[in-house]
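Single-letter residue listing:
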Amino acid sequence: MTKKQINRVEAIINSMTGYERNHHEAINGSRRKRIARGSGTTVQEVNNLLRQYAQMRKMFSRWASPASRGAWRG
């Protein structure tokens, strides 16, 4: 990730309210527009960040499941 991309992600996150940071599923279309305006980015960039976050969260929850713990033991 380049410095420019990191700055954009940081701007998007800083444009969210505390509630939105903790409850990403509550971010509807109008909130996405407000976040994009506040961060100087596009709604598409906000959508991409939220999509990436959801994928990472899903991946980490799979690693944390009891079934996957046995697989790491070898």
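Placed above this text is the structure.
So, here's what we can say about the structure. Predicted, not measured: the structure shown is a model, and the values here were computed from it. (Residues numbered from 1 in each chain as written. Predicted model: local features only at pLDDT ≥ 70, side-chain atom pairs only at ≥ 80, totals over all residues. Heavy atoms only, no water.)

**Quick notes on the packing of helix α1 (residues 3-14) against helix α4 (residues 43-64)**
Stated precisely, the cut-off is as follows: Axis definition: a line fit to C-alpha positions, over the contact stretch in the case of helices; interaxial angles, taken between N-to-C directions, run 0 to 180 degrees. Secondary structure elements are taken from DSSP: a helix is a run of H or I of four residues or more, a strand is a run of E of two residues or more, and numbering for both begins at the N terminus. The scheme is simple: roughly parallel for angles under 35 degrees, roughly antiparallel for over 145, roughly perpendicular for 65 to 115, oblique for anything else. Between two residues, a contact is recorded if the distance between any of their heavy atoms is within 4.5 Å. For this scheme, ten residues count as nonpolar: Ala, Val, Leu, Ile, Met, Phe, Trp, Tyr, Cys and Pro. Four count as charged, namely Asp, Glu, Lys and Arg, and the remainder, Gly too, count as polar.
Closest axis-to-axis distance for the α1/α4 pair is 11 Å, and the angle between their directions is 90 degrees. Taken as axis vectors, α1 and α4 run roughly perpendicular relative to one another. Of the residues in α4, those touching α1 at Arg8, Val9, Ile12 and Ile13 are Glu45, Val46 and Leu49. Taken together, the residues of the contact of α1 with α4 break down into 5 nonpolar, no polar and 2 charged.

**So, the side chain of threonine 41**
To keep things clear, this is the line we draw: Nitrogen and oxygen atoms within 3.5 Å of one another constitute a polar contact, given that in protein one can donate a hydrogen and the other can accept it, and given that sequence-neighbouring residues count only through two side-chain atoms.
The topology assignment puts threonine 41 in the loop between α3 (29-39) and α4. Separated by 2.7 Å, the side chains of threonine 41 and serine 39 make a polar contact. Setting aside residues no more than four positions away along its own chain, threonine 41 makes contact with Arg8, Ile12, Ala36 and Val46.

**Regarding the layout of surface pockets**
Here is the rule: Using a 1 Å grid laid over the protein atoms alone, points where a 1.4 Å probe fits but cannot get out form a cavity; open sets with protein on both sides within 12 Å along at least 5 of 7 lines form a pocket; any residue with an atom within 4 Å of a point counts as lining. Grid points are joined across faces, edges and corners, and a volume is the space filled by probe spheres set on the points.
Roughly 210 Å³ of volume is contained in the largest pocket. Sorting the residues of the lining of the largest pocket by element identifies α1 and α4 as the ones contributing at least two each. Residue composition of the lining of the largest pocket, by class: 4 nonpolar, 4 polar and 2 charged.

**Regarding the packing of aromatic side chains**
We apply this condition: For Phe, Tyr and Trp, where Trp contributes only its six-membered ring, two rings pair if their centres lie within 6.5 Å, and the inter-plane angle classes them as stacked under 30 degrees, edge-to-face over 60, or tilted in between. For each residue, the accessible area found with a 1.4 Å probe, counting protein chains only, is set against the maximum for its type, and the residue is called buried under 20%, exposed over 50%, and partly exposed in between.
For the coordinates displayed, the defined rule picks out 1 aromatic pair. Considering the side-chain rings of phenylalanine 60 and tryptophan 63, the 5.3 Å spacing of their centres and the 75 degrees angle between planes classify their relative orientation as edge-to-face. In this pair, phenylalanine 60 and tryptophan 63 are both assigned in helix α4, 3 residues apart and thus about one turn of the helix distant. What makes tryptophan 63 partly exposed here is its relative accessible area of 43%.

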